[in-house]
Amino acid sequence: MPPWARFVARRLAAGLVVVWGTLTVTFFALHLAPGDIVDGLIGPGAAGTPALRDQVIAENGLNDPLLVQYGRQLARLASGGLGWSYQLNEPIERLLGSQLGPTVELAVSALVTALVLAVLAATLTAGRGRAVRAAAGVAELLMVSMPSFWLGIILLTVFSYRLHALPSIGADGPAALVLPTLALALPLAGVLAQVIRQELESADGRPFVLTARSRGLGATAVLLRHTLRHALLPLTTLAGFVLGSLFGGAVLVENIFTRPGLGRVLANAVGSRDLPVVSALVVISSAAFVVINTLVDVLHPLIDPRLREGGAA
């Protein structure tokens, strides 16, 4: 087996342990949380109907010991199924399949926007005077310090309610994607810009930069051909981490902007104690995180040939 294949196999095996761990913690935390699962499923108005309670308990196996329910959940996932929604009474695959597209659209849009803004900000301010870098640092600190949900409320207030320039709810058309994308992307752009600028400035005195300048290359050519590539390695690592976390970060933003997506499904499932849906979303999020970061690690040797040599050794 080639070294890269062994590496991917090890990472995926470790990823299975991560997915199992997150599922286990989520399962027991939800079952041990205060409140009655049956009340959450049928609502407080019908909670006093014994026949309905008995029916719900029997249909969902809620009277079985907790370890039996846990084993049933693991067996279902091992067979490739996500289960059945308690609340909506439909397969979870169908429920999540109809909501996955808007969440992926929002996450990818936010990542691309954050990367573009970060690269522009870092390349325009790296190596500049102290005042320029101080101003950029303050702006980035402000962006990083703003939670996405709070930034989303500000964007809604300014651009939707006051200026009436962009829609405030829904997911119809590109215009409806602008504000939620910015709410997720701006804090991320602040973090990424700091990393890129630091890498660009640290590479400025490296031998390969001095050699490029001695050949008569201008500052722009050196930046685009050499120092920016030097920043790609940490940027790729961070981008993989950010993309994996965006699926979780979209929960609040999707609810603020009343967008369809996995975030709203998760919020509704937690509120109604729909445990199979919550567990399925946790498994999907953790699996996506593992796969994305494994792909990022595979890309590292393509970006930096020195890692290729180290991996072969």
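Starting afresh in each chain, residues are numbered from 1 along the sequence in its written order. With the structure being a predicted model, the display of local features is reserved for residues of pLDDT at least 70 and the display and counting of side-chain atom pairs for 80 or more, all residues being used for whole-chain, interface and lining totals. Excluded from the side-chain calculations are hydrogens and water; all other atoms, namely the structure's heavy atoms, are used.

**Q** What is the right way to read the pattern of salt bridges from this model?
**A** The rule for a salt bridge is simple: a side-chain nitrogen of Lys or Arg has to be within 4 Å of a carboxyl oxygen of Asp or Glu. Tallying each qualifying case throughout the model produces three salt bridges. Aspartate 64 is paired through a salt bridge with arginine 72; the nearest N and O atoms lie 2.8 Å apart. On the accessibility criterion, aspartate 64 (30% relative accessible area) is partly exposed. The exposure class assigned to arginine 72 is partly exposed, which follows from its relative accessible area of 29%. A salt bridge links glutamate 105 to arginine 259; its shortest N-O distance comes to 3.5 Å. Residue glutamate 105 is located in helix H5 (residues 92-125), and its partner arginine 259 is located in the loop between helix H11 (232-256) and helix H12 (262-271); the two are separated by 154 residues in the primary sequence. Three exposure classes are used, based on accessible area relative to the maximum for each residue type with a 1.4 Å probe and protein chains only: buried under 20%, partly exposed in between, and exposed over 50%. Each helix is a run of H or I in the DSSP string that is no shorter than four residues. Each strand is a run of E no shorter than two, and both are numbered from the N terminus.

**Q** What exactly am I supposed to notice about unusual backbone geometry here?
**A** Residues apart from glycine generally show negative phi values, whereas peptide bonds are mostly found in trans. With a phi close to 55°, histidine 164 is a non-glycine residue in the positive phi region. With respect to the element layout, histidine 164 can be found in the loop between helix H7 (148-162) and helix H8 (175-203). The exposure class assigned to histidine 164 is exposed, which follows from its relative accessible area of 62%. Notably, threonine 258 is not glycine yet its phi reads approximately 50°, a positive angle. Residue position: threonine 258 is located in the loop between H11 and H12. The exposure class of threonine 258 is partly exposed, given its relative accessible area of 31%.

**Q** Whenever I open this one, the nonpolar core confuses me. Can you help?
**A** A general trend in soluble globular proteins is that nonpolar side chains are found buried together. Leu184 and Leu246 are the most contacted members of the largest nonpolar core, which has 32 residues in total. Sorting the residues of this core by element identifies H5, H7, H8 and H11 as the ones contributing at least two each. No other element matches H8, which puts twelve residues into this core. Whether two residues touch is decided by their heavy atoms; if any such pair falls within 4.5 Å, the residues are in contact. Dropping the residues within four chain positions of it, leucine 246 is found in contact with Ala107, Ala110, Leu111, Leu184 and Leu188. Here, nonpolar core refers to any group of buried Ala, Val, Leu, Ile, Met, Phe, Trp, Tyr and Cys residues whose side-chain atoms link them within 4.5 Å.

**Q** How should I be thinking about the environment of valine 38 in this particular structure?
**A** You can see valine 38 is positioned in helix H2 (residues 37-42). C-alpha of valine 38 to C-alpha of leucine 62: the two residues are 24 residues apart in sequence and 8.5 Å apart in space.

**Q** How should I be thinking about the UniProt feature "transmembrane region" (unreviewed entry) in the protein in this particular structure?
**A** Mapped onto the present numbering, the UniProt feature "transmembrane region" (unreviewed entry) falls at residues 12-33, 106-126, 138-163, 175-196, 232-257 and 277-299. Here residues 106-126 runs as 95% helix and 0% strand, with 30 Å between its end C-alpha atoms. End C-alpha atoms of residues 175-196 are separated by 29 Å, and the span's content is 100% helix alongside 0% strand. UniProt positions are given in the numbering used here, feature names are shortened, and annotations may be inferred rather than shown by experiment.

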